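# Structural features, examined
The lines below spell out each chain.
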Amino acid sequence: MAVEVQERSLETAEELRDYLSRGSRSETPDDEVIYRGHADAGWSLVPTILREGSTALFEGLFGRPIQCEDQAWAELQMLRRFMEGCDKTGVIVPNDSVEFREQNVTDSSFNDYYHTPSRWPNKNLLEVMAMARLHGLPTRLLDWSTHPYVAAYFAASEALHTGWRRGQRVAIIELNRGPRTNAYCGQIRILKVRGAISMNLVAQHGLFTVHPLVGHRGNPLEIQSLEQYLPSIPQVSIRRLILPIEQSVRLYELCTEFKFDAAQIYPGADGASRSVLEAYQYAVRYKRPHS
(Lines give C-alpha, C1' and ligand atoms only; values in the text may rest on other atoms or scores of the structure.)
Protein backbone atom coordinates (compact mmCIF):
# COMPACT_ATOMS: atom_id res chain seq x y z
CA MET A 1 0.00 0.00 0.00
CA ALA A 2 0.87 3.70 -0.13
CA VAL A 3 1.09 5.73 -3.31
CA GLU A 4 3.65 8.47 -3.79
CA VAL A 5 1.99 11.84 -4.24
CA GLN A 6 3.26 13.48 -7.40
CA GLU A 7 3.61 17.24 -7.28
CA ARG A 8 3.37 19.75 -10.07
CA SER A 9 4.11 23.43 -9.50
CA LEU A 10 2.27 26.04 -11.53
CA GLU A 11 3.02 29.75 -11.44
CA THR A 12 -0.24 31.33 -12.54
CA ALA A 13 -3.96 30.65 -12.26
CA GLU A 14 -4.09 30.61 -16.05
CA GLU A 15 -1.61 27.73 -16.14
CA LEU A 16 -3.81 25.80 -13.72
CA ARG A 17 -6.90 26.63 -15.80
CA ASP A 18 -5.20 25.34 -18.95
CA TYR A 19 -4.14 22.15 -17.19
CA LEU A 20 -7.61 21.46 -15.80
CA SER A 21 -9.28 22.27 -19.11
CA ARG A 22 -7.42 19.51 -20.94
CA GLY A 23 -9.89 17.01 -19.54
CA SER A 24 -9.54 13.72 -17.74
CA ARG A 25 -6.14 12.10 -17.33
CA SER A 26 -7.61 8.63 -16.85
CA GLU A 27 -5.45 5.72 -17.90
CA THR A 28 -8.42 4.02 -19.56
CA PRO A 29 -11.95 5.15 -20.51
CA ASP A 30 -13.31 3.22 -17.50
CA ASP A 31 -11.15 5.08 -14.98
CA GLU A 32 -12.39 8.07 -13.03
CA VAL A 33 -10.42 11.11 -11.88
CA ILE A 34 -11.76 13.00 -8.85
CA TYR A 35 -10.65 16.34 -7.39
CA ARG A 36 -10.34 18.16 -4.10
CA GLY A 37 -9.26 21.74 -3.34
CA HIS A 38 -7.08 22.91 -0.43
CA ALA A 39 -6.32 26.50 0.56
CA ASP A 40 -3.00 25.21 1.91
CA ALA A 41 -0.93 22.70 -0.04
CA GLY A 42 0.56 21.50 3.24
CA TRP A 43 -2.71 20.02 4.43
CA SER A 44 -2.94 16.24 4.59
CA LEU A 45 -5.80 14.22 3.16
CA VAL A 46 -7.29 13.49 6.57
CA PRO A 47 -11.04 13.76 7.29
CA THR A 48 -12.41 16.15 9.91
CA ILE A 49 -13.07 13.48 12.53
CA LEU A 50 -9.33 12.63 12.58
CA ARG A 51 -7.99 16.20 12.64
CA GLU A 52 -6.54 17.85 15.71
CA GLY A 53 -9.72 19.60 16.84
CA SER A 54 -11.75 16.39 16.87
CA THR A 55 -9.07 14.19 18.42
CA ALA A 56 -8.47 16.77 21.17
CA LEU A 57 -12.22 16.79 21.86
CA PHE A 58 -12.30 13.01 22.20
CA GLU A 59 -9.19 12.94 24.36
CA GLY A 60 -10.91 15.43 26.64
CA LEU A 61 -13.98 13.20 26.69
CA PHE A 62 -12.08 10.03 27.59
CA GLY A 63 -9.33 11.66 29.64
CA ARG A 64 -6.53 9.80 27.85
CA PRO A 65 -4.98 9.26 24.41
CA ILE A 66 -7.56 7.81 22.02
CA GLN A 67 -7.61 4.10 21.28
CA CYS A 68 -9.34 2.46 18.32
CA GLU A 69 -12.39 1.38 20.31
CA ASP A 70 -12.82 4.90 21.73
CA GLN A 71 -12.87 6.36 18.25
CA ALA A 72 -15.46 3.91 16.93
CA TRP A 73 -17.68 4.45 19.97
CA ALA A 74 -17.42 8.25 19.79
CA GLU A 75 -18.19 8.41 16.05
CA LEU A 76 -21.28 6.24 16.40
CA GLN A 77 -22.40 8.34 19.35
CA MET A 78 -22.07 11.52 17.27
CA LEU A 79 -24.14 10.00 14.48
CA ARG A 80 -26.83 8.83 16.89
CA ARG A 81 -27.06 12.32 18.38
CA PHE A 82 -27.21 13.80 14.88
CA MET A 83 -30.18 11.56 14.12
CA GLU A 84 -31.84 12.55 17.39
CA GLY A 85 -31.32 16.20 16.53
CA CYS A 86 -32.93 15.63 13.14
CA ASP A 87 -35.91 14.04 14.93
CA LYS A 88 -36.39 17.19 16.99
CA THR A 89 -36.57 19.38 13.89
CA GLY A 90 -38.57 17.02 11.68
CA VAL A 91 -35.68 16.33 9.26
CA ILE A 92 -35.67 12.88 7.65
CA VAL A 93 -32.36 11.02 7.58
CA PRO A 94 -31.51 8.50 4.83
CA ASN A 95 -32.91 4.96 5.06
CA ASP A 96 -34.58 5.70 8.37
CA SER A 97 -37.06 3.38 10.05
CA VAL A 98 -37.58 1.76 13.44
CA GLU A 99 -35.94 -1.39 12.12
CA PHE A 100 -32.98 0.58 10.71
CA ARG A 101 -32.26 2.14 14.10
CA GLU A 102 -32.71 -1.13 15.97
CA GLN A 103 -30.15 -2.76 13.68
CA ASN A 104 -27.58 0.02 13.56
CA VAL A 105 -27.66 2.43 16.52
CA THR A 106 -28.58 0.39 19.60
CA ASP A 107 -26.48 -0.32 22.69
CA SER A 108 -25.61 -3.62 21.04
CA SER A 109 -24.10 -1.72 18.10
CA PHE A 110 -21.92 0.32 20.45
CA ASN A 111 -20.74 -2.85 22.16
CA ASP A 112 -19.97 -4.51 18.83
CA TYR A 113 -17.72 -1.68 17.57
CA TYR A 114 -16.13 -1.22 20.98
CA HIS A 115 -14.95 -4.82 20.95
CA THR A 116 -14.12 -4.95 17.22
CA PRO A 117 -13.38 -1.35 16.13
CA SER A 118 -12.00 -2.38 12.73
CA ARG A 119 -15.60 -3.16 11.69
CA TRP A 120 -16.35 0.56 11.83
CA PRO A 121 -17.68 2.40 9.90
CA ASN A 122 -20.95 0.58 9.37
CA LYS A 123 -21.78 0.62 5.65
CA ASN A 124 -25.49 0.98 6.50
CA LEU A 125 -24.76 4.34 8.13
CA LEU A 126 -22.66 5.85 5.34
CA GLU A 127 -25.50 7.85 3.80
CA VAL A 128 -26.40 9.25 7.22
CA MET A 129 -22.72 10.06 7.66
CA ALA A 130 -22.69 11.83 4.29
CA MET A 131 -25.71 13.91 5.23
CA ALA A 132 -24.12 14.82 8.56
CA ARG A 133 -20.86 15.79 6.83
CA LEU A 134 -22.69 18.00 4.34
CA HIS A 135 -24.22 19.83 7.29
CA GLY A 136 -20.98 20.39 9.16
CA LEU A 137 -20.58 17.38 11.47
CA PRO A 138 -17.04 15.93 11.58
CA THR A 139 -16.95 12.46 9.99
CA ARG A 140 -14.42 10.14 8.40
CA LEU A 141 -15.59 11.17 4.93
CA LEU A 142 -13.52 13.40 2.65
CA ASP A 143 -15.40 15.49 0.08
CA TRP A 144 -14.37 15.17 -3.58
CA SER A 145 -15.82 16.24 -6.91
CA THR A 146 -15.81 14.76 -10.37
CA HIS A 147 -15.48 18.31 -11.74
CA PRO A 148 -12.04 19.99 -11.44
CA TYR A 149 -13.44 23.53 -11.26
CA VAL A 150 -15.45 22.68 -8.16
CA ALA A 151 -12.15 21.78 -6.47
CA ALA A 152 -10.56 24.96 -7.83
CA TYR A 153 -13.44 27.01 -6.43
CA PHE A 154 -13.08 25.50 -2.96
CA ALA A 155 -9.32 26.10 -2.92
CA ALA A 156 -9.75 29.73 -4.00
CA SER A 157 -12.75 30.40 -1.77
CA GLU A 158 -11.07 29.02 1.35
CA ALA A 159 -7.99 31.09 0.57
CA LEU A 160 -10.10 34.25 0.36
CA HIS A 161 -11.41 33.64 3.87
CA THR A 162 -8.13 32.79 5.62
CA GLY A 163 -4.97 34.63 6.52
CA TRP A 164 -1.98 34.08 4.26
CA ARG A 165 1.55 33.25 5.31
CA ARG A 166 4.70 33.83 3.30
CA GLY A 167 5.30 31.03 0.83
CA GLN A 168 1.85 29.48 1.24
CA ARG A 169 0.42 27.67 -1.75
CA VAL A 170 -3.03 26.44 -2.65
CA ALA A 171 -3.51 22.96 -4.08
CA ILE A 172 -5.83 20.94 -6.27
CA ILE A 173 -5.61 17.23 -5.48
CA GLU A 174 -6.18 15.00 -8.49
CA LEU A 175 -6.85 11.32 -7.75
CA ASN A 176 -7.14 8.77 -10.52
CA ARG A 177 -9.03 6.18 -8.48
CA GLY A 178 -9.03 3.50 -11.21
CA PRO A 179 -12.17 1.82 -12.62
CA ARG A 180 -15.27 3.82 -11.66
CA THR A 181 -17.17 0.57 -11.12
CA ASN A 182 -14.95 -0.37 -8.17
CA ALA A 183 -16.42 0.44 -4.76
CA TYR A 184 -12.94 0.41 -3.22
CA CYS A 185 -9.54 1.82 -4.12
CA GLY A 186 -7.25 -0.23 -1.93
CA GLN A 187 -8.51 0.25 1.64
CA ILE A 188 -10.36 3.44 0.67
CA ARG A 189 -14.04 3.15 -0.08
CA ILE A 190 -15.42 5.39 -2.84
CA LEU A 191 -18.87 6.55 -1.78
CA LYS A 192 -21.46 7.97 -4.15
CA VAL A 193 -24.75 8.83 -2.46
CA ARG A 194 -28.13 9.86 -3.79
CA GLY A 195 -28.54 13.46 -4.80
CA ALA A 196 -31.80 13.58 -2.83
CA ILE A 197 -29.70 13.84 0.35
CA SER A 198 -28.58 17.36 -0.55
CA MET A 199 -28.88 19.72 -3.50
CA ASN A 200 -25.37 20.89 -2.62
CA LEU A 201 -24.07 17.43 -3.46
CA VAL A 202 -25.67 17.61 -6.92
CA ALA A 203 -24.39 21.13 -7.60
CA GLN A 204 -20.88 20.16 -6.50
CA HIS A 205 -20.75 16.93 -8.55
CA GLY A 206 -19.87 15.45 -5.20
CA LEU A 207 -18.76 12.10 -3.88
CA PHE A 208 -16.72 10.95 -0.88
CA THR A 209 -13.84 8.76 0.17
CA VAL A 210 -14.20 6.84 3.43
CA HIS A 211 -11.17 6.47 5.70
CA PRO A 212 -10.83 3.02 7.26
CA LEU A 213 -10.38 2.49 10.99
CA VAL A 214 -7.26 0.35 11.15
CA GLY A 215 -6.38 -1.43 14.38
CA HIS A 216 -7.75 -3.55 17.19
CA ARG A 217 -9.14 -2.90 20.63
CA GLY A 218 -6.43 -1.50 22.88
CA ASN A 219 -4.37 -0.16 19.95
CA PRO A 220 -3.60 3.57 19.77
CA LEU A 221 -5.63 5.31 17.07
CA GLU A 222 -3.75 5.40 13.76
CA ILE A 223 -4.13 8.57 11.69
CA GLN A 224 -2.69 8.57 8.19
CA SER A 225 -3.21 10.61 5.06
CA LEU A 226 -5.39 9.01 2.39
CA GLU A 227 -2.52 8.11 0.04
CA GLN A 228 -1.18 5.70 2.68
CA TYR A 229 -4.21 3.48 2.11
CA LEU A 230 -4.15 3.50 -1.70
CA PRO A 231 -2.82 0.52 -3.67
CA SER A 232 0.53 0.90 -5.43
CA ILE A 233 -0.70 -0.15 -8.87
CA PRO A 234 -0.46 1.57 -12.29
CA GLN A 235 -4.18 2.35 -12.48
CA VAL A 236 -4.10 4.51 -9.35
CA SER A 237 -2.25 7.82 -9.11
CA ILE A 238 -2.48 10.96 -7.03
CA ARG A 239 -1.15 14.39 -7.94
CA ARG A 240 -0.99 17.69 -6.06
CA LEU A 241 -1.19 20.74 -8.34
CA ILE A 242 0.20 23.70 -6.41
CA LEU A 243 -0.12 27.42 -7.00
CA PRO A 244 1.19 30.47 -5.08
CA ILE A 245 -1.43 31.75 -2.62
CA GLU A 246 -1.30 35.17 -4.29
CA GLN A 247 -2.79 33.57 -7.39
CA SER A 248 -5.85 32.32 -5.50
CA VAL A 249 -7.82 35.51 -6.14
CA ARG A 250 -7.18 35.28 -9.87
CA LEU A 251 -8.21 31.64 -9.64
CA TYR A 252 -11.41 32.77 -7.94
CA GLU A 253 -12.02 35.15 -10.86
CA LEU A 254 -11.57 32.34 -13.37
CA CYS A 255 -13.95 30.09 -11.44
CA THR A 256 -16.64 32.77 -11.47
CA GLU A 257 -16.13 33.25 -15.21
CA PHE A 258 -16.93 29.55 -15.59
CA LYS A 259 -20.00 30.01 -13.35
CA PHE A 260 -18.47 28.25 -10.35
CA ASP A 261 -19.25 30.53 -7.43
CA ALA A 262 -21.05 30.23 -4.09
CA ALA A 263 -24.48 30.85 -5.62
CA GLN A 264 -23.96 27.87 -7.95
CA ILE A 265 -22.10 25.60 -5.54
CA TYR A 266 -24.64 26.13 -2.74
CA PRO A 267 -28.00 26.46 -4.50
CA GLY A 268 -30.49 28.49 -2.48
CA ALA A 269 -30.44 31.48 -0.17
CA ASP A 270 -27.36 30.26 1.72
CA GLY A 271 -25.38 30.27 -1.50
CA ALA A 272 -26.61 33.74 -2.39
CA SER A 273 -25.47 35.00 1.01
CA ARG A 274 -22.08 33.31 0.66
CA SER A 275 -21.61 34.85 -2.78
CA VAL A 276 -22.12 38.36 -1.35
CA LEU A 277 -19.55 37.78 1.40
CA GLU A 278 -17.07 36.31 -1.05
CA ALA A 279 -17.46 39.32 -3.35
CA TYR A 280 -16.39 41.54 -0.45
CA GLN A 281 -13.51 39.25 0.49
CA TYR A 282 -12.42 39.37 -3.14
CA ALA A 283 -12.58 43.18 -3.13
CA VAL A 284 -10.50 43.36 0.05
CA ARG A 285 -7.81 41.07 -1.36
CA TYR A 286 -7.48 43.19 -4.47
CA LYS A 287 -8.16 46.48 -2.67
CA ARG A 288 -10.76 47.32 -5.26
CA PRO A 289 -13.79 49.54 -4.63
CA HIS A 290 -17.02 47.79 -3.71
CA SER A 291 -19.43 47.56 -6.60
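Just above, that's the structure.
Structure report, in brief. Everything numeric in this text was worked out from a predicted model, so none of it was measured.

So, about the side chain of Asp70. Among the secondary structure elements, Asp70 is positioned in helix α3 (residues 68-89). The buried category is assigned to Asp70, whose relative accessible area is 0%. Within the local environment of Asp70, its side chain forms a polar contact with the side chain of Arg64, the two groups lying 2.5 Å apart. Discounting chain neighbours no more than four positions away, the residues touching Asp70 are Phe62, Arg64, Pro65 and Tyr114.

Pairs can form between side chains of opposite charge once their charged atoms are near each other. Using the criterion set out here, one finds 19 salt bridges in the structure. Arg180 is the partner of Glu32 in a salt bridge, and the nearest nitrogen-oxygen pair spans 3.7 Å. One end of the pair, Glu32, is in strand β2 (residues 31-38); the other, Arg180, is in the loop between β4 (169-179) and β5 (184-185), with 148 residues separating them in the sequence. Judged by its relative accessible area of 6%, Glu32 is buried. Look at Arg180 and you get partly exposed, because its relative accessible area is 42%. Arg140 is paired through a salt bridge with Glu75; the nearest N and O atoms lie 2.7 Å apart.

Let's shift gears to helix α6 (residues 126-134). Taken across its 9 residues, α6 has 9 buried, putting it largely inside the fold. Taken together, the buried positions of α6 are Leu126, Glu127, Val128, Met129, Ala130, Met131, Ala132, Arg133 and Leu134. Elements that come into contact with the buried residues of α6 comprise α3, α4 (98-104), β3 (141-145), β6 (188-191), α8 (199-203) and β7 (206-210). Gly136 occupies a position one or two residues after α6 and carries a positive phi of about 100°.

The geometry of helix α2 (residues 52-62) relative to α3 is characterised by a closest axis approach of 11 Å and an angle of 100° between their N-to-C directions. Taken together, α2 and α3 sit at an angle that is classed as roughly perpendicular. Between α2 and α3, the contacting residues are Phe58, Leu61 and Phe62 on the first element and Asp70, Gln71, Trp73, Ala74 and Met78 on the second. Split into classes, the residues belonging to the contact of α2 with α3 amount to 6 nonpolar, 1 polar and 1 charged.

This part takes up the pairing of β7. In terms of burial, β7 is largely enclosed, as 4 of its 5 residues are buried. Alignment of β3 against β7, held across 5 bridges, turns out to be antiparallel. Residue pairing in the sheet places Ser145 in a bridge with Gly206 of β7.

Below, the discussion takes up the pairing of strand β8 (residues 237-244). Bridging between strand β1 (residues 5-9) and β8 involves 5 bridges; their strand directions are parallel. Directly across from Gln6, in β8, lies its bridge partner Arg239. Bridge count for β4 against β8 is 8 bridges, and the pairing is antiparallel. Following the sheet pairing, Arg169 is matched in β8 by Pro244.

Tracing the sequence through the fold places Tyr19 in helix α1 (residues 13-21). On the basis of relative accessible area, Tyr19 is assigned to the buried category, the value being 3%. Taking the C-alpha atoms as reference, Tyr19 lies 9.4 Å from Leu241; in sequence the two are 222 residues apart.

All right, on to empty space enclosed by the protein then. To find leftover empty space, one rolls a probe the size of a water molecule over the atoms. Taken as a whole and judged by the stated rule, the model has 1 cavity of 30 Å³ or more. What the largest cavity holds in volume is close to 50 Å³. Considering the residues around the largest cavity, the lining is formed by Ile49, Glu75, Met78, Leu79, Trp120, Met129, Leu137, Pro138, Thr139 and Arg140. No other element matches α3, which puts 3 residues into the lining of the largest cavity.

Conventions we followed
Residues numbered from 1 in each chain as written. Predicted model: local features only at pLDDT ≥ 70, side-chain atom pairs only at ≥ 80, totals over all residues. Heavy atoms only, no water. Helix = DSSP H or I, 4+ residues; strand = E, 2+ residues; numbered from the N terminus. Buried < 20%, exposed > 50% of the residue type's maximum accessible area, 1.4 Å probe, protein only. Polar contact = N/O pair within 3.5 Å; in protein donor to acceptor, adjacent residues only side chain to side chain. Contact = heavy atoms within 4.5 Å. Salt bridge = Lys/Arg side-chain N within 4 Å of Asp/Glu carboxyl O. Axes fitted to C-alpha atoms, helices over the stretch in contact; angles between N-to-C directions. Parallel < 35°, antiparallel > 145°, perpendicular 65-115°, else oblique. Nonpolar A, V, L, I, M, F, W, Y, C, P; charged D, E, K, R; others polar. Pairing = 2+ DSSP bridges. 1 Å grid on protein atoms, 1.4 Å probe; cavity = no way out; pocket = protein on both sides within 12 Å on 5 of 7 lines; lining within 4 Å. Points joined across faces, edges and corners; volume = space filled by probe spheres on them.

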